[in-house]
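Structural overview for review
Listed here are the chains, written in short residue letters.
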Number of protein chains: 2
Amino acid sequence: MNMEQNLTDAELQSAIEAMGRKARNGAIQLANVSTETKNQWLAAMADAIERNSAELIRANTADMENGAKKGLSAAMLDRLKLDEGRIKAMADGLRHVMTLPDPVGEKLSETTRPNGIRIEKVSVPIGVIGFIYESRPNVTVDAAGLCLKAGNAVILRGGSEAIHSNKAIAACILKAGMDTGMPEGAVQFIPWTTHAAVSILLKMDSYINLIIPRGGERLIRAVVEQSTIPVIKHYKGVCHLYVDAEADLAMALDILRNGKCQRPGVCNALETVLVNETIAAKFIPMLKEMFAKEGVTVHGDPLWRQYDPEALEAVEEELYNEYLNLNISGRIVKSVEEAVTHINHYGSGHSDSIITANEKTAQYFLGYVDSSTVYWNASTRFTDGGEFGMGAEIGISTDKLHARGPMGLKELCSYKYRVYGSGQIR
Amino acid sequence: MNMEQNLTDAELQSAIEAMGRKARNGAIQLANVSTETKNQWLAAMADAIERNSAELIRANTADMENGAKKGLSAAMLDRLKLDEGRIKAMADGLRHVMTLPDPVGEKLSETTRPNGIRIEKVSVPIGVIGFIYESRPNVTVDAAGLCLKAGNAVILRGGSEAIHSNKAIAACILKAGMDTGMPEGAVQFIPWTTHAAVSILLKMDSYINLIIPRGGERLIRAVVEQSTIPVIKHYKGVCHLYVDAEADLAMALDILRNGKCQRPGVCNALETVLVNETIAAKFIPMLKEMFAKEGVTVHGDPLWRQYDPEALEAVEEELYNEYLNLNISGRIVKSVEEAVTHINHYGSGHSDSIITANEKTAQYFLGYVDSSTVYWNASTRFTDGGEFGMGAEIGISTDKLHARGPMGLKELCSYKYRVYGSGQIR
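Residues numbered from 1 in each chain as written. Chains lettered and ligands numbered in written order. Predicted model: local features only at pLDDT ≥ 70, side-chain atom pairs only at ≥ 80, totals over all residues.

**Thoughts on the nonpolar core**
- With 160 residues, the main nonpolar core has Ile173 of chain A together with Ile173 of chain B as its most contacted residues.
- Contacts of Ile173 of chain A, omitting those with residues within four sequence positions, involve Met45, Ala48, Ile49, Val141, Ala144 and Val187 of chain A. (Core = buried A, V, L, I, M, F, W, Y, C linked by C-beta atoms within 7 Å. Buried ≥ 20, exposed ≤ 12 C-beta atoms within 10 Å, placed from the backbone. Contact = placed C-beta atoms within 7 Å.)

In structure tokens:
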């Protein structure tokens, strides 16, 4: 018995299965809806969000009070908070998605075979997406908007700390969409906060085509272990900067500052700096001065600490982790090969950069580092759908299947083959 | 204790982990190997297979004898058998893959952003592929050749009935490859037939990027339930032909014969024919005559049996299954909408065809049937990498993520972003 919302396990199972069935039926309709119609739904949703801002803020206040009682940190509470400005930003986010090109129906290739059949490869929606996320309530709107624009039905499951906000937002956009003709299975929100709801969702492979988990490492691990549905992970970003023997040191310093300090809590921020030993004596003092100014703490291996005795002693385990704050690991390496080996071992396949003037060294790095995005003389902070010109992103995939790196509207599509014949047989 | 090959569970675990590590290291090398070099390995493998045919046949004889003892059917034994002709065909298969364009390194897109960074999206190998398959030993060579050409390391796990053949083939191609400089982790074969080996493999998400299971429904289900690695399923093909009210009936008959009878044991063969009620009285007698000649048995619903009283009574469960033989389900439908609803409910998302002269009806079918390949006036038997012009295929995906439908060399690749800057920060 799941007492929380007075549902038995069997009732929860059948309630979530009903959502799956509804989503699957909705998805078949959505795949054939015009761009104009989808944009009308998005416009109605944006307006409804602004119109109902008082109600959304009221719901959010309940979450804020619960969060304060539970002792959430000030940073967490800030992420959770909705105000008029943030509500306007959510609505504007939907209006921005309206302006993006519809990814559905694009002819990806076309070929006529010797027997006369014509094969068109055409982009189509993925179908039903299960989106599992934590904390910020604006993600509810962003994910719904992007999934819908790409013709997908979406089942949303937010974190318990934002449950009142998310329920209010979901109800608001669902009503606005349905009032303008959207099928009811197009956007659904799971109102039950119990973990059992997620476990049920992750087994519904006959209705759901893709699970996108966005959140902490534990959440993602749990999803991958339980899911029988394909998952595209939005995992951690253990991003590296390698400062080569032939680096422009002023450029390296700028990019290091930007990567570590501009917004340390995001996944494309730097977690480790690797310095070639031939420039260590010159570069590490420059870096120390800059880090002192910015309040950054270095965790160095023994070699590093020969150049920087004030650095903390590095713990190997930390090399696998995101600090997400003003700490950074520092290591001295002998060569680009050693840097690449380090990155492929400790990294998370997200974003890594080399600073060098030597093209051959750079090409080796770009070829051998097995990450979604590899940079030569630029900051890892650019790994982002907006910065890449995708218009918006639903997240950054650390997987290699289907979508790698920033995941925009195109990556929310699959394809199908449409074959035109005149009676051909084999 | 896994007595079969005298390994304890812990030994098996560490042996398979060692294979994973080796594959991951091999994959990083393979991603940067030239087309010429990969083709040299394939050529050496092809020659070695032919040179060692006597040894391969000797190993195969052991499998054939075990198979006969275990009571495998004549059809199964035929699939298992190797002879000079089939060995030559395996070698020629590798030589054919040599002629196909290398999918790695293709520039998929390129953009220069306002801040001056240039972003190249380039195809790269997926990395390490775990390929799990049943029965025919030639699959060992085909899968290794395709994975290698696309720059992937592959860990092969074949069925126990072909274990001697597969081990001999794998040893032969591995030696030939390594003699010509291939990294040893590039191609590996799991020599242990215990299920525990697969269970271990499916959890090695830190080394393996993709699992491709090819085989029966039970195998695939078990893989999906256990795997923490992304899986691309090569599931069943429950393919439909819908004969519309405005169909050319002679064409419909030809395509029905081809789809059901030419090779009933394959996944793109037809399993169900849906007939519009307005033509049933005319078409079903034509169909009966043809099926009588071809030895096909129809399982009809009550409406169908009004037109064809000799048809067997349909069992609903069968509508979900592949017959893979000369049986077919028959149903009368009122409209294209009902046909589409039937297909989306009972089908497996593989291949479905409509026969009609009405373009609007056809476009509705092509748009609303949620399958990898949808046909208008052509046989479902064309869903095949070769027929699609891909040169070769590793199988036919029934998933919607990454690869859908025939999966060739391009679909064995991922991509990465290579970003070129001159010191840009955000």
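**Overview of the domain arrangement of chain A**
Residues and elements named next belong to chain A.
- Per the domain assignment, the segments making up chain A are domain 1 (3–235 + 404–420) and domain 2 (239–386).
- Counting residues at the interface gives 5 residues for domain 1 and 6 residues for domain 2.
- Grouping the amino acids of the side of domain 1 that touches domain 2 by side-chain chemistry returns 2 nonpolar, 2 polar and 1 charged. (Domains from an automatic or database assignment. Nonpolar A, V, L, I, M, F, W, Y, C, P; charged D, E, K, R; others polar.)

**Quick look at the pairing of strand S6 (residues 210–214) of chain B**
Residue and element names in this part refer to chain B.
- Taken across its 5 residues, S6 has 5 buried, putting it largely inside the fold.
- On S6, burial covers both faces: Leu210, Ile212 and Arg214 on one face and Ile211 and Pro213 on the other are all buried.
- Here strand S3 (residues 128–133) pairs with S6 via 5 bridges, running parallel. When the bridges of S6 are listed, Ile132 appears paired with Pro213. (Helix = DSSP H or I, 4+ residues; strand = E, 2+ residues; numbered from the N terminus. Pairing = 2+ DSSP bridges.)

**Some words on the packing of helix H5 (residues 84–99) of chain A against helix H6 (residues 138–149) of chain A**
Residue and element names in this part refer to chain A.
- Orientation of H5 relative to H6, taken along the N-to-C sense of each, is 10 degrees, at an axis distance of 9 Å. Regarding the angle of H5 to H6, the classification is roughly parallel. Between H5 and H6, the contacting residues are Arg86, Met90, Gly93, Leu94 and Val97 on the first element and Asn138, Val141, Asp142, Gly145, Leu146 and Lys149 on the second.
- Here the residues of the contact of H5 with H6 are counted per class, giving 5 nonpolar, 3 polar and 3 charged. (Axes fitted to C-alpha atoms, helices over the stretch in contact; angles between N-to-C directions. Parallel < 35°, antiparallel > 145°, perpendicular 65-115°, else oblique.)

**Description of the sheet that holds S3 of chain B**
All names here are of chain B.
- In spatial order, the strands read S5-S4-S3-S6; together these 4 strands make up an open sheet with parallel pairing. The outermost strands of the open sheet, each flanked by one partner alone, are strand S5 (187–189) and S6. Going from strand to strand, the sheet's axes swing by 20 degrees on average, the running direction of each strand aside.
- Set on the sheet, helix H6 (residues 138–149) makes contact with S3, strand S4 (153–157) and S5; between it and S4 the angle comes to about 165 degrees.

**Some words on the interface of chain B and chain A**
- With 55 residues of chain B at the contact, the number on the chain A side is 55 residues.
- Those elements giving two or more residues to the side of chain B that touches chain A turn out to be helix H9 (217–226), helix H10 (249–261), helix H14 (359–368), strand S13 (373–378) and strand S16 (413–424) of chain B.
- A per-element tally of the side of chain B that touches chain A places S16 of chain B first, with 11 residues.
- Taken together, the residues of the side of chain B that touches chain A sort by class into 23 nonpolar, 21 polar and 11 charged.
- Pairing between strand S16 (residues 413–424) of chain A and S13 of chain B: 5 bridges, direction parallel. The residue bridging Arg418 of chain A from the neighbouring strand is Val374 of chain B, located in S13 of chain B.

**So, the relation of the copies chain B and chain A**
- Expressed as a screw operation, the relation of chain B to chain A combines 0.0 Å of axial shift with a rotation of 180 degrees, fitting to an RMSD of 0.0 Å. What the superposition gives is, in effect, a two-fold axis relating one chain to the other. Rotation axis and chain B: the residue whose C-alpha lies nearest the axis is His402 of chain B, separated from it by 1.9 Å.
- By residue overlap, the copies meet face to face through one surface: 100% of the interface positions of chain B are interface positions in chain A. (Least-squares fit on C-alpha atoms with pLDDT ≥ 70 in both.)

**A closer look at unusual backbone geometry**
- Not every positive phi belongs to a glycine, and Leu324 of chain A is a case in point at roughly 60 degrees.
- Considering the arrangement of structural elements, one finds Leu324 of chain A in the loop between strand S10 (312–313) and strand S11 (327–333).
- The class for Leu324 of chain A is partly exposed, based on 15 C-beta atoms found within 10 Å.
- Of note, Asn377 of chain B is a non-glycine position whose phi angle comes to about 60 degrees, a positive value.
- Mapped onto the secondary structure, Asn377 of chain B falls in strand S13.
- Since 22 C-beta atoms lie within 10 Å of it, Asn377 of chain B is described here as buried.

**Digging into the sheet that holds strand S12 (residues 351–355) of chain A**
- Strand order in this open sheet of 10 strands is S10(A)-S9(A)-S11(A)-S8(A)-S7(A)-S12(A)-S13(A)-S16(B)-S2(B)-S1(B), and the pairing throughout is mixed. Sheet topology places S10 of chain A together with strand S1 (107–112) of chain B at the edges, where each strand pairs with a single neighbour.
- Where strand S9 (residues 297–300) of chain A and S11 of chain A come together, 4 bridges link them in parallel fashion. Across the sheet, the residue bridging to His299 of chain A is Ser329 of chain A, located in S11 of chain A.
- Lying over the sheet, helix H13 (residues 336–346) of chain A contacts strand S7 (239–243), strand S8 (270–276), S11 and S12 of chain A, oriented at roughly 140 degrees with respect to S11 of chain A.
- Lying on the sheet, helix H14 (residues 359–368) of chain A is in contact with S7, S12 and strand S13 (373–378) of chain A together with S16 of chain B; it crosses S13 of chain A at an angle near 160 degrees.

**Concerning H5 of chain A**
Residue and element names in this part refer to chain A.
- Taking 1.5 Å as the rise per residue, H5 with 16 residues should run 22 Å; its terminal C-alpha atoms sit 23 Å apart, in good agreement.
- Along H5, the residues that are buried comprise Ile87, Met90, Ala91, Leu94 and Val97. Buried positions in H5, seen along its axis, are confined to an arc of 110 degrees and lie on one side of it. Exposed side chains of H5 directed beyond 90 degrees from the buried face belong to Glu84, Gly85 and Thr99.
- Each element contacted by the buried residues of H5 is listed here: helix H2 (35–51), helix H3 (53–70) and H6. (Expected span 1.5 Å × (residues − 1). Arc of directions from axis to C-beta.)

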